[in-house]
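Tertiary structure, described
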Amino acid sequence: MSTNELAGSHVLLTGATGFLGQATLERLLSSYPDTHVSLLIRPRGERGATDRLRALLRKNVFRPLSERLGAEELARLVRERVTVIEGGLGSVTLPADLDVVIHGASTVSFDPPVDEAFRTNVSGVATLYEALHHGAGKAGSPHVVHISTAYVAGTRKGVVAEVALDHGVDWQLELQMALAARVDVERESRRPEVLRRALAQAGGQHAKAGPQSTAADAERLRTEWVTRRLVDYGRTRARSLGWPDVYTLTKALGERVAEQRWAQAGRPLSVVRPAIVESALRHPYPGWIDGFKMADPLIIAYGRGLLREFPGLPDSVMDVIPVDLVVNAILATAARPPATGPTYLHVSSGASNPLTFQNMYALCREYFDNHPMPDGDRGHIAPPTWRFPGSQQVELTLSAGERAAALAERVLLALPPSKRSQDWLTSLGRQQQELVQLREYADLYGVYVRAEVIYDDRRLRELHAALPAKRALDHGFDPTVIDWRTYLQDVHCPSITATVRRAGQRRARSTADHRGSPSKPVLPERTDVAAVFDLEGTIVNSNVVESYLWARLATMPRSGWLPELADLARCAPRYLYAERHDRGELLRAFLRRYAGARADELRTLVTDVLGNALLHRVMPEATRQIRRHRAAGHRTVLITGAVDLHVEPLSVLFDEVVASRMHAKDGVLTGFLETPPLVDEARAAWLRHYAQANGLHLDRSYAYADSYSDRPLLEAVGHPQVVNPDSQLFRHARRRRWVVHRWGAHTGGLLEVLLDVTRADARAAARVGTRVDVRPGQVPQGAPR
């Protein structure tokens, strides 16, 4: 073989934006100067193929080449040697002078929906070969290097030879059924019983937030059900045919397409089957990788302490191969078209230089012992010890953990909100993350880490041996050159953990800066920004029940207190149910208790007596934050379902107060509202209308609330602020990474309010009108002492 048998060749490369494609393009540009490369790149969104190529050239894979040549010289080289063909694997016109086609485009997800996997890995392959058949190449026959995977061999044991797959699966029928599956599943997802389950589940979670929130989540649940169902279609069909997942099934069928559509007509075809492709050993630099590949999520999750155990066989071979060795093998194969029939090549390490799962674990454990992952401001994470108890035991432990976590979450969400319960929720959230990742990885990767198969690499070794000795140093692909300890501990693990470590360091610095500086972030000075506050639980430590009791007990003789409290207790279950399901129904039901009260007497009572009690219960942090927003020029708004008469004393703090207004007839309250209360989604709708009318930018605005019913309001602004949240809102805020405030509050409750009333001026109490059984300096008879 000459030093460069691709000299003067025109190479078509598909999948150039993928991991293997990037490395192949870089190698062609840096080491094969006499080749011309055509790239088939599909547009994505508003970015055309040329824009995507420009973005590709800025990636790390091209950094050494750019540093060596200079940015301008690299740009010139690309202009001269690279042609961009915009389009996908469908109808596209290909050049007529192709010498080599390296087909690497595919979906590399193990478990995509069945139609997506077949559309790319089978249908896309078929249309590419149709285009090649109708278009081109010298005598219509370029040498096609078809990139597959070693795992097309399926679920089997023993040694797998480098030969064509032995199966009788009809790829055309399977493709037809796979594409039709989405229509079937979409139809099934709209059946009443499926929709009722989605609505019930969404209602249980989001009823407090409003009907549109419930409907949106029900639709989300339906679409997730569709995706899961289509994933299950693919996985189950693959396993019924002898493959571990739909990825390996469709790659196997893609090989059959290539054989039938290209090789059977006597055209040259080479099928390259890499194993687990990971970071570079040497080129373009040690450790280069683009994103996380197959083994990396397991390694990262292990280092972060998220995988306490894993269902792998300790003697199973993890067939890892560095990406630069794979690229070298691909290009060496491209330079040597087969004389007759298709040829097959495993690019793997398991036969010549095996790395067992237990050895990989031991080397990674040693690496993380010496270089532990950061744990924010809590120090570092100790890697767990795996004992390899077997897949059945891991499954039993995992299932029990999932059931226990689900039960614990239901209990914690039912508890009254407190710092302790929220700390428990945070801890439970971390445990659930561990369980979710273990389940996902066990389902996805379990087959691969329990494999008892070796991929024969005889032809790979023969091809490498044919390289001139000088060229083999830089362009070789002998897997025996890999020292697994050096590769994993000095090259691969440092590379894939670098991003996670940097993120952890940034979080630690941010936490330290926050602790070292007690001052709050400076609010931007703007007049087109709103700061919206909920009342109960956010500004004042009270609720609609307490507000009612303040007014009611202050205006009735002591003889009426016990019956009133007894009636309130009798109605409590109904109020509690309404509170958990629809805040508006709670307000409507509870405000009926005001029926018969005179509006002027209630207003006087609030002005002269209860107003001071209300102001006394305003949380100091809330007052300071409202003043900070006003000082910054922000429009301060109070939105509450409380009665407007009760909140009039707070109007001095706000530019706008929106509260419930009770209906009155001849000055007497009827117990009904003038308009529907502003709760859950109605608050967000009102705010959007208000912002539009007043020229406010909601994406720059703030909202403060404590209840999950205010989720739509919080989601309507760019800066949601959660204050002393209930358990459901706390969980949601943690997931969305919203700011959570813990503001202090007075805790005297009803007793403190009653004492405030008794200290009021007797003359003010007398003006209320009738039956106020209060004397100056005395506690009403029957009140708690």
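Owing to the predicted nature of the structure, the values given are computational and were not obtained by experimental measurement.

Digging into the overall build of the chain
Looking only at helices and strands, the chain features 28 helices and 21 strands. Burial statistics for the chain: of 785 residues in total, 52% are counted as buried. In the chain, 77% of the contacts between residues at least 6 apart in sequence involve partners at least 24 apart. Accessible area of the chain: about 36,000 Å², with a carbon and sulfur share of 51%.

Some details on helix α15 (residues 458-465)
The set of residues buried in α15 consists of L460, L463 and H464. Axial view of α15: buried residues confined to an arc of 100°, hence all on one face. Looking at the buried side of α15, the elements it contacts are α11 (323-334), β10 (343-347) and α16 (469-475).

Some details on the nonpolar core
Counting residues in each nonpolar core, the largest one holds 108 residues, and the members touching the most others are L25, L39, L53, I102, F310 and V323. Among the elements that take part in this core, α11 stands out by supplying 9 residues, more than any other. Apart from residues no more than four positions distant in its own chain, L25 is found in contact with L13, V37, L39, L53, L56 and F62.

Focus on empty space enclosed by the protein
All told, the structure shown has 8 cavities of 30 Å³ or more when counted by the stated rule. For the largest cavity, the calculated volume is near 100 Å³. Taken together, A295, L298, I299, Y302, M318, F357, M360, Y361, C364 and W386 make up the lining of the largest cavity. Secondary structure elements with two or more residues in the lining of the largest cavity: α10 (296-303) and α12 (357-370).

A short note on the packing of helix α6 (residues 171-189) against helix α9 (residues 246-261)
One can describe the packing of α6 onto α9 by two numbers: an axis separation of 10 Å at closest approach and a directional angle of 130°. Here α6 lies oblique to α9, going by the angle between them. As for the relative orientation of α6 and α9, their crossing is left-handed in sense. Note on element contacts: α9 touches α6 through L253, R256, V257, Q260 and R261, opposite W171, Q172 and E174.

Focus on the pairing of strand β14 (residues 530-533)
With burial as the criterion, each face of β14 is covered, one bearing A530 and V532 and the other bearing A531 and F533. The sheet contact formed by β14 and strand β15 (residues 635-643) spans 4 bridges and is parallel. Looking at β15, one finds that A531 is bridged to T636. Of the strand pairs in this sheet, β14 and strand β19 (residues 702-705) are connected by 3 bridges, and their pairing is parallel. Counterpart to A531 in the pairing with β19 is Y702.

A closer look at a nonpolar patch on the surface
Side chains of L407, V411, L415 and W424 sit close together on the surface and give an oily, nonpolar patch of about 370 Å² of accessible area. Mapped onto the elements of the fold, L415 is located in the loop between α13 (391-414) and α14 (419-449).

With respect to the pattern of salt bridges
A full pass over the atoms with the stated rule returns 38 salt bridges. In this structure, the salt-bridge partner of R76 is E80, at a minimum N-O distance of 2.6 Å. With R76 and E80 both in helix α4 (residues 71-81), this residue pair falls 4 residues apart, about one helical turn. Residue classification places E80 among the exposed residues on the basis of a relative accessible area of 51%. Across the pair D528 and R526 runs a salt bridge, and its minimum N-O distance is 2.8 Å. R526 sits in the partly exposed class, given a relative accessible area of 28%. Here the salt bridges do not stand alone but share partners, grouping D115, E116, R119, R182, E186, R190, E219 and R222 into one network.

Describing helix α20 (residues 583-591)
Of all 9 residues in α20, 7 are buried, a share of seventy percent or more. Where α20 is concerned, the buried positions are R583, G584, L586, L587, A589, F590 and L591.

Digging into the confidence of the model for the chain
Per-chain confidence: the chain averages 84 in pLDDT, with 88% of residues scoring 70 or above. A low-confidence stretch, residues 511-518 (pLDDT under 50), is modelled with 2 contacts involving residues beyond four sequence positions or located in other chains. Taken as a whole, residues 746-785 scores under 50 in pLDDT and shows 52 contacts with residues more than four places along the chain or in a different chain.

What about the packing of aromatic side chains?
Counted under the stated rule, the structure contains 19 aromatic pairs. Ring geometry for Y129 versus W262: centroids 6.0 Å apart, planes at 40°, classification tilted. Pair noted here: Y129 is in helix α5 (residues 114-135) and W262 is in the loop between α9 and β7 (269-274), with a separation of 133 residues, a long-range link. Taken as a pair, Y129 and W262 share a single burial class, namely buried. When the centroid spacing of 6.0 Å and the interplanar angle of 80° are considered together, the rings of W484 and Y487 count as edge-to-face. Of this pair, W484 and Y487 both sit in helix α17 (residues 484-516), 3 residues apart, which is roughly one turn of that helix. According to the relative accessible area criterion, W484 is buried, its value standing at 7%. In this structure Y487 comes out as buried when scored by relative accessible area, which is 1%. Lying across the ring of W262, R267 places its NZ or CZ 4.8 Å from the centre.

Digging into the sheet that holds β7
By definition, the strands of a sheet pair up through backbone hydrogen bonds, in either a parallel or an antiparallel sense. As summarised here, the arrangement of the 7 strands in space is β3-β2-β1-β4-β5-β7-β10, forming an open sheet in which the pairing is parallel. Unpaired on one side and paired on the other, β3 (82-86) and β10 mark the two borders of the sheet. Within the sheet, the average angular offset between the axes of one strand and its neighbour, ignoring direction, is 20°. One ladder, built from 4 bridges, connects strand β4 (residues 100-103) with strand β5 (residues 143-147); its direction is parallel. Across the sheet, residue V101 finds its bridge partner in β5, namely V144.

Re the sheet that holds strand β20 (residues 719-723)
The sheet built from 6 strands is open, its strands ordered β16-β15-β14-β19-β20-β21 with parallel pairing. In this open sheet, the two edge strands, each paired with only one partner strand, are β16 (656-660) and β21 (739-741). In this sheet, neighbouring strand axes are inclined to one another by 20° on average, regardless of whether the strands run parallel or antiparallel. Sheet topology places β20 next to β21; 3 bridges connect them, and they run parallel. Residue Q721 lies in a different strand from β21, and its bridge partner there is V739.

Some details on the environment of L74
Turning to its location among the elements, L74 is positioned in helix α4. With 44 residues separating them along the chain, L74 and S30 place their C-alpha atoms 9.8 Å apart. Those residues in contact with L74, other than ones at most four positions away along the chain, are L65, S66 and L69.

Reading the values: rules and limits
Residues numbered from 1 in each chain as written. Predicted model: local features only at pLDDT ≥ 70, side-chain atom pairs only at ≥ 80, totals over all residues. Heavy atoms only, no water. Helix = DSSP H or I, 4+ residues; strand = E, 2+ residues; numbered from the N terminus. Buried < 20%, exposed > 50% of the residue type's maximum accessible area, 1.4 Å probe, protein only. Contact = heavy atoms within 4.5 Å. Areas by Shrake-Rupley, 256 points an atom, 1.4 Å probe, with all protein chains shown as cover. Arc of directions from axis to C-beta. Core = buried A, V, L, I, M, F, W, Y, C linked by side-chain atoms within 4.5 Å. 1 Å grid on protein atoms, 1.4 Å probe; cavity = no way out; pocket = protein on both sides within 12 Å on 5 of 7 lines; lining within 4 Å. Points joined across faces, edges and corners; volume = space filled by probe spheres on them. Axes fitted to C-alpha atoms, helices over the stretch in contact; angles between N-to-C directions. Parallel < 35°, antiparallel > 145°, perpendicular 65-115°, else oblique. Left-handed = near helix turned anticlockwise from the far one by under 90°. Pairing = 2+ DSSP bridges. Patch = residues over 30% accessible without salt bridge, like charges linked within 9 Å, V, L, I, M, F, W, Y side chains within 5 Å. Salt bridge = Lys/Arg side-chain N within 4 Å of Asp/Glu carboxyl O. pLDDT = per-residue confidence, 0-100. Phe/Tyr/Trp six-rings, centres within 6.5 Å; stacked < 30°, edge-to-face > 60°. Lys NZ or Arg CZ within 6 Å of the ring centre and 35° of its normal.

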